Amino acid sequence: MNRAETLNDIVQEFLLYLSTMRGLSAHSVTAYRNDLRQFIAAVGGGQALTDITAEDIRAAVARRSAEHAAPASINRFIAAVRTFFAYCRKFQYIQTDPSRGIHTVKQPRHLPAFLTAPEVDALCAAPRERELLWQTRDAAIFELLYSSGCRVGELASLQCSAVDETLSSAIVIGKGKKERRVYFAADAQRALGAYLADRANRFGKSDAVPNVFVNQRGTALTAHGIRWIMARYTGSEGTNHPVSPHALRHTFATALLGAGADVRVVQELLGHASISTTQRYTHITTAQLIDVYNRAHPHGGTEQ
């Protein structure tokens with residue numbers, strides 16, 4: 001078998017592998033493509049893969065730093081290059097991996113943004129109090145995001161056939177096309193039931209659109225559409241407290257851990273591949289405990 005010899009050709013094979021064999025989303029593949037384009041620009045795409053050294057990779061990282069890329073962007077770049085060379089090593093394009101000694105850069109640790117209980121209540125009530133778009137649908141979107149901890153893309157692609165008959169749970173397709181079950185609390189069940197009845201009145205019980213959430217033309221609502229809907233309700237027209245759908249996912253995790261849920265259970269509910277991702281939220285709940293202690297304890301807080 002003739003193997004591709006240049007960096008350019010092997011990168012194209014790698015991207016195809018990610019989308020077909022690994023099942024990564026188009027968004028993830030695009031992120032890899034953009035980072036590897038930066039790498040090709042730094043080291044040259046026409047050279048043989050076996051000629052690339054650790055020094056070449058360090059120079060590429062230094063170039064990203066000189067371009068004033070954020071630490072998170074640099075680390076994502078390094079991760080993409082490492083994953084690419086791991087692929088090359090796995091399929092024997094190279095004997096040694098020049099990226100193995102490349103270390104990520106330090107970056108500030110930002111805790112995920114989340115909403116307080118009153119803020120969540122205000123958001124979920126917003127469609128009923130001031131219908132900006134489609135009251136029952138928008139309320140169901142907000143309730144389900146908060147109740148299940150779904151990613152916005154998972155909710156957008158949720159199929160009617162994947163929802164339990166009692167509306168208490170559903171199967172979603174997460175990253176890497178992995179299936180998991182998510183659960184809907186009573187408020188979310190009521191909101192979903194009201195929306196589905198409203199949708200049937202508007203468009204009938206046609207199976208032409210399998211997605212649960214549709215736009216006002218009756219076609220599938222996209223993840224971008226859900227973000228836009230939330231922006232309308234949390235901007236100046238609504239709560240005037242702009243948040244993203246992902247903030248509700250963070251709020252879901254924070255609420256569960258704050259109530260004493262096991263971190264591994266929360267990991268499963270969120271669909272995190274690594275428990276370290278879930279453990280970020282334990283820092284939030286610790287910060288909440290410290291704040292409560294400082295405000296409630298007679299000797300807590302600072303002197304007035």
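Look up: the structure comes first, before these words.
Since the model is a prediction, treat every value here as computed from it, not as a measurement.

Colleague: In this structure, what is going on with the packing of aromatic side chains? I would like to understand it.
Modeller: Aromatic rings in a pair are described by how distant their centres are and how their planes are angled relative to each other. Tallying each qualifying case throughout the model produces 14 aromatic pairs. A connected cluster of aromatic rings, assembled from ring pairs, spans F14, Y17, Y32, F39, F77, F84, F85, Y87, F91 and Y93. Against the face of F77 rests R64, its NZ or CZ located 5.9 Å from the ring centre. A cation sits over an aromatic face here: R202 above W134, 3.9 Å from the ring centre.

Colleague: Which parts of the structure should I look at to understand the nonpolar core?
Modeller: Core analysis: the largest hydrophobic core is formed by 42 residues, its most contacted members being I141 and F213. I141 has contacts with L155, F213, L221, I226 and I229, leaving out every residue within four places of it along the chain.

Colleague: Help me understand helix α4 (residues 71-90) in this model?
Modeller: Residues three or four positions apart in an α-helix share a direction because the helix packs 3.6 residues into each turn. Between the first and last C-alpha of α4 there are 28 Å, a value that for 20 residues agrees with the 28 Å anticipated at 1.5 Å per step. Three or more residues of α4 are buried, namely I74, N75, F77, I78, A80, V81, F84, F85, Y87 and C88. As for α4, its buried residues are in contact with α1 (7-20), α2 (26-43) and α3 (54-66). Phi for Q92, located one or two positions after α4, is positive at around 60 degrees.

Colleague: Before we go on, may I ask you to explain unusual backbone geometry in this structure?
Modeller: Glycine aside, residues mostly have negative phi, and peptide bonds are mostly found in the trans state. In this model, H68 sits at a positive phi of 65 degrees, which is unusual for a non-glycine residue. Relative to the helices and strands, H68 is located in the loop between α3 and α4.

Colleague: What is the right way to read the pattern of salt bridges from this model?
Modeller: Any two side chains of opposite charge can pair, on the condition that their charged atoms come close. Scanning the model with the defined rule gives nine salt bridges in all. One salt bridge in this structure joins R64 and E67, with 2.8 Å as the shortest N-O distance. R64 gets classed as buried once you look at its relative accessible area, which sits at 11%. The salt bridge involving R202 is made with D198; its shortest N-O contact spans 3.7 Å. With R202 and D198 both in helix α8 (residues 186-203) and four residues apart, this pair spans about one turn of that helix.

Colleague: Just to check I follow, could you spell out the side chain of R137 for this structure?
Modeller: The residue R137 is located in helix α6 (residues 135-148) in this model. Dropping the residues within four chain positions of it, R137 is found in contact with Y195, F213, V214, N215, Q216, L221 and I229.

Colleague: Please explain the packing of α6 against α8 as it appears in this structure.
Modeller: The description of two helices packed together rests on the angle between their axes and the distance between the axes. Contact geometry of α6 with α8 gives a least axis separation of 8 Å together with a crossing angle of 150 degrees. The handedness of the crossing between α6 and α8 is left-handed. Here T136, R137, A139, A140, E143, L144 and S147 of α6 come into contact with α8, specifically with D187, A188, A191, L192, A194, Y195 and D198. Of the residues assigned to the contact of α6 with α8, the class counts are eight nonpolar, two polar and four charged.

Each value, and the rule that gives it
Residues numbered from 1 in each chain as written. Predicted model: local features only at pLDDT ≥ 70, side-chain atom pairs only at ≥ 80, totals over all residues. Heavy atoms only, no water. Phe/Tyr/Trp six-rings, centres within 6.5 Å; stacked < 30°, edge-to-face > 60°. Lys NZ or Arg CZ within 6 Å of the ring centre and 35° of its normal. Core = buried A, V, L, I, M, F, W, Y, C linked by side-chain atoms within 4.5 Å. Buried < 20%, exposed > 50% of the residue type's maximum accessible area, 1.4 Å probe, protein only. Contact = heavy atoms within 4.5 Å. Helix = DSSP H or I, 4+ residues; strand = E, 2+ residues; numbered from the N terminus. Expected span 1.5 Å × (residues − 1). Salt bridge = Lys/Arg side-chain N within 4 Å of Asp/Glu carboxyl O. Axes fitted to C-alpha atoms, helices over the stretch in contact; angles between N-to-C directions. Left-handed = near helix turned anticlockwise from the far one by under 90°. Nonpolar A, V, L, I, M, F, W, Y, C, P; charged D, E, K, R; others polar.

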